[in-house]
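Listed below, chain by chain, are the residues.
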Amino acid sequence: MAFFDYIRELFSNSVEPGSLLKAHNEVILASIKEMKEREEKLWDIKINTYKTYLEGVAKWPDAQRVEFIHYLVKQIARYEGKSGYAPDNLTYQKLRFQEAFLQHLFRAKLEMNEQEVQGLLQLFFDQKQYSDNNAMNWPIGLMMNQVEKQYSGKVLGEDFKKALQVLKAHLEGVKAYYQEKERLKLIGKLDVLLQTGESVKPSVIPTRFFGSDEFAKYANDKIEGLDFQHREYWYPLIAHAQKASGGKPTQKYLATAKPLMEALGMPAFKNMLNDWFLFLGNLKERKEEHVNNYITHTYTYTTYHFLDSVTIDEIKGFIWMASHLEDKNTLHLLSRLAERSYRKIPGQGPAAAAVGNACLYTLYKAAGLYGVAQLSGLKFRIKQNSTQKLIEKYLDDAAAEKKVPKHEIEDLAVPDYDLQNGQKEQQFGDFKAVLRITGIGKTETQWYKPDGSPQKSIPASVKTQFAAELKDLRNEAKEIEQTLITQKDRLDRMLRVNRQLKWGYFYSMLFTHGLLSYLYEQIIWRFEKEGLIQTGIYQGGQWTNEKGETFIPDEICTVSLWHPVGESLATIQAWRNFLQTQQIQQPFKQAFREVYLLTEAEVNTRVYSNRMAAHVLKQHQFNSLAKSRGWKYALMGAYDDGRYNEAASLDLPEYGLRTEFWVNEVNADQAFNDAGIWHYVATDQVRFVKTGNDQPCNLIDVPVIAFSEVMRDVDLFVGVASVGNDPTWSDSGGIPAYRDYWQAYSFGDLSELAKTRKEILTQLLPRLKINKVAEIKDRFLVVKGKLRTYKIHIGSTNILMEPNDQYLCIVPDRSKPALGPNVFLPFEGDAGLSIILSKAFLLAEDDRIEDGTIVSQIGGR
């Protein structure tokens, strides 16, 4: 008789307990034999493909399979690892097949009466696994899935209810660090089962957020605060959200959600979600201090908690559902929530990356282009490499769906906010509000009375009668400010890619755009037609070149951003003088942009540049700067010996190149933090690599704009993150072996960035009130105070005091502006210049300094 016939016959009639145990053992042994015949590995077991299951166990009645489960649990519980875990060990092979059968039996359909469920629950409590009384060591979640399907909405027997209550109490009392999500879901399922009765339909079974975090409490309170008529529509929505899994929703998930949302009503659904998203965007992580005593030592540590893992899945489900909404406020809140979710928590990483990823998906899927606009903004604000890749993917997909280049879909997605000439008007009854752009990231709102005269503050009637509209106006002002910053950064990056635009597209889609026009009118543009080139800036309603001559661009010309790298010194200086004379403040450095040309040394080294080598940078600051400029970099730790990441890289797809800036860890005096991340890195070569074949590119073959922009970025990294800029580094110890570097950098030759700063200072100084006691000498701004004379290095901002060049340590208050409102600068955003001026103003009146740490260094009182 064949073995499988024997198994079928054995279970066709009742058997004695001893025979039953023998038969169960035979099933396991036959499975092991079959595995060997199939030449499969022990860790590749798929029990539903084995004949022992298909021709034997699968055909048993449910009651006999429950008996088989009892056998499996008892056998697994007896295994304590004494026989080892070698793949050829028979006892271990039995264990692996016992576990495989147990898992699959609960995954397959299994009908159990109440007594059988109670018996299995008692079995799980009685049989310990891993010397632990935690019932979650067993596949209790899979079993409860079967129970939920079979008993949901039915009246339960009293003994059955008691058994479920015991299980719930057990789950509420156990610790399940790696199964916390499963534990909370099980408790939620038990709550639902225990609340069912004859008068309750499955469709309105009270379903709540499973978690115990602040959001779960807030959301549950919101739902419970509704009347029952509205509450009953939320329960199936929450139950559906609890099914969310994976990185993005299936079409079935979204399709199933829509009728549930419609049953409630889209406005009510939208309003509740917006309230939740706003709460989450403002939610702060909970900080907990812990103290552990071990023998004679006491250890303290801090943990942070944002959301329970089960809550994250539920939120993710609702965010996906929001893709059915067509509401700008919802998308704006999702953009904010994405930023909050990716914000790092100490010792943990992003607060809730899965929530952030869900936000990105919904922004991408949203109808219209407003969601794409939010994605484009997030690209400049979220720095994680993996998130950057995901955003780029969604932007690429959106562009492909619209059949336009990615640059263009980002252009098209920029909202104009109904702005005209940088402002918009809105009526509030008899009063009028005029919202104006005043700078990059800055707006102001001016109020006017019915007679047209200005009103200093918001009218009282507007606050009471138009509270909602006023709130919308304030939110819009904030959004305009953020969009200006994003688009300024996009324009700055356009200098790197040298984007070419047709005049018609440039003029109609960008230059006359309500918001973009504010930026574009402050930029120098290059117009080319058949080799004829004109450059100009839009002033007073007409295009003007650097000589002040007006012209009209040809309507079939090509437009691009003007870059100084290909211009003569005379042209560059003419543009700089024009901006100064006309007091035009550019949103970023363009006319005053640093230019980096290939040097003779770089021609000789051919494939790499050492121009920025041999500097010591603060690694965390370097990492932040690199990511802010679109570079990819991962922090280097003491645990990897620098083997896994030795370069920051920047993709230049427009040129078929990738740039690499090599760095090495500074392994000295255990210079790493508690997480094992090196405090400092040393700089090395800059290389360009051809992405087509991953081979080095000769520097002489790199396009001049790409080379200049890359070297400018690297100079920025060095100029800002170098330890030479830190006035406290030497005094606080630093790294002894690198103190000579600190001294040389702090007071050495000026970089290209510092040379531009020096030029601005030269022009600015005569207009400042300290002009009679300050002058520029070589690398320094020299300030004659009442007590001593000071030399402020224009590059590092560090200070020496005459006559003996004694070092003066001053850590400036960056919150106080160094420049008054009447001091003009031709571009925005040089923090080093502000620091130099703040120190200069302070030291010009050194007899009035009250800070004891500064006074003690100066002396003379």
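Check the entry above for the structure.
Residues numbered from 1 in each chain as written. Predicted model: local features only at pLDDT ≥ 70, side-chain atom pairs only at ≥ 80, totals over all residues. Heavy atoms only, no water.

What follows covers the overall build of the protein. Summing up its helical and strand segments, the protein has 31 helices and 25 strands in all. Along the longest, intermediate and shortest principal axes, the C-alpha atoms of the protein span 110 × 70 × 65 Å. A total accessible area of about 41,700 Å² is found for the protein, and carbon and sulfur atoms account for 48% of it. Between the averaged position of the 107 positive side-chain charges in the protein and that of its 109 negative side-chain charges there is a distance of 1 Å. (Helix = DSSP H or I, 4+ residues; strand = E, 2+ residues; numbered from the N terminus. Areas by Shrake-Rupley, 256 points an atom, 1.4 Å probe, with all protein chains shown as cover. Lys, Arg positive; Asp, Glu negative; His and termini not counted. Charge placed at Lys NZ, Arg CZ, Asp CG, Glu CD.)

The next point concerns the pairing of strand β6 (residues 431-439). For strand β5 (residues 423-428) and β6, the ladder comprises 6 bridges, and the chain directions are antiparallel. When the sheet's bridge partners are listed, Glu425 is paired in β6 with Val434. Counted between consecutive antiparallel strands, the loop separating β5 from β6 contains 2 residues, among which Gly429 sits at a positive phi close to 70°. Where β6 lies against strand β7 (residues 442-448), 7 bridges are found, and the strand directions are antiparallel. Bridging from a neighbouring strand, Leu435 pairs with Thr445 of β7. (Pairing = 2+ DSSP bridges.)

Our focus in this paragraph is the sheet that holds strand β22 (residues 780-784). Overall, antiparallel pairing links the 5 strands, which are arranged β21-β22-β23-β24-β25 in an open sheet. Here the strands that pair on one side only, and so sit at the sheet edges, are β21 (774-777) and β25 (806-808). The mean angle between the axes of side-by-side strands here comes to 30°, regardless of whether they run parallel or antiparallel. One ladder, built from 4 bridges, connects β21 with β22; its direction is antiparallel. Bridging across to β22, Glu775 finds its partner in Val782. (Axes fitted to C-alpha atoms, helices over the stretch in contact; angles between N-to-C directions.)

Counting 63 residues, the largest nonpolar core has Trp234, Phe269, Trp276 and Phe318 as its most contacted members. At 7 residues, helix α16 (residues 353-365) tops the list of elements feeding residues into this core. Residues within four places of Trp276 in sequence aside, it is in contact with Phe209, Phe215, Tyr218, Ala219, Lys222, Ile223, Trp234 and Phe318. (Core = buried A, V, L, I, M, F, W, Y, C linked by side-chain atoms within 4.5 Å. Buried < 20%, exposed > 50% of the residue type's maximum accessible area, 1.4 Å probe, protein only. Contact = heavy atoms within 4.5 Å.)

Oppositely charged side chains are able to pair whenever their charged atoms sit close together. Per the counting criterion, the structure on display carries 46 salt bridges. As a salt-bridge pair, Lys393 and Asp397 come within 2.8 Å of each other at their nearest N and O atoms. Residue Lys393 and its partner Asp397 are both found in helix α18 (residues 385-402); the two are separated by 4 residues, about one turn of the helix. Residues Arg611 and Glu602 are paired through a salt bridge, measuring 2.8 Å at the closest nitrogen-oxygen approach. Classification of Arg611 by relative accessible area gives partly exposed; the value is 28%. (Salt bridge = Lys/Arg side-chain N within 4 Å of Asp/Glu carboxyl O.)

In this section: the sheet that holds strand β13 (residues 550-551). With respect to topology, 6 strands assemble into an open sheet ordered β9-β14-β10-β11-β12-β13, the strand pairing being antiparallel. The open sheet terminates on both sides in strands that have one partner only, identified here as β9 (501-502) and β13. In the sheet, strand β10 (residues 525-529) pairs with strand β14 (residues 558-561) via 4 bridges, with the strands oriented antiparallel. Within β14, the position partnered with Phe527 by the bridge is Val559.

This part is about helix α13 (residues 266-282). In this model, α13 (17 residues) spans 24 Å end to end at C-alpha, consistent with the 24 Å of a helix rising 1.5 Å per residue. Within the sequence span of α13, burial applies to Phe269, Met272, Leu273, Asn274, Trp276, Phe277, Leu280 and Gly281. Lining the buried residues of α13 we find α10 (214-224), α11 (228-241), α12 (251-264), α14 (309-321) and α15 (328-342). (Expected span 1.5 Å × (residues − 1).)

Of note, the bond from Glu802 into Pro803 is cis; its omega dihedral lies within 30 degrees of zero at 10°. Phi angles above zero are rare outside glycine, and Asn421 is one such case at about 55°. Within the element layout of this structure, Asn421 appears in the loop between α19 (406-412) and β5.

Here α11 crosses α12 at 170°, and the two axes come no closer than 9 Å. The orientation of α11 with respect to α12, classified from their angle, is roughly antiparallel. Judged by residue contacts, His230, Tyr233, Trp234, Pro236, Leu237, His240 and Ala241 of α11 engage Tyr253, Thr256, Ala257, Leu260, Met261, Ala263 and Leu264 from α12. Considering only residue class, the contact of α11 with α12 consists of 11 nonpolar, 3 polar and no charged. (Parallel < 35°, antiparallel > 145°, perpendicular 65-115°, else oblique. Nonpolar A, V, L, I, M, F, W, Y, C, P; charged D, E, K, R; others polar.)

To continue, consider the environment of Gln118. Secondary-structure assignment places Gln118 in helix α6 (residues 114-126). For the pair formed by Gln118 and Leu164, sequence separation is 46 residues and the distance between their alpha carbons is 8.3 Å.

Any link to function would need more than the numbers given here.
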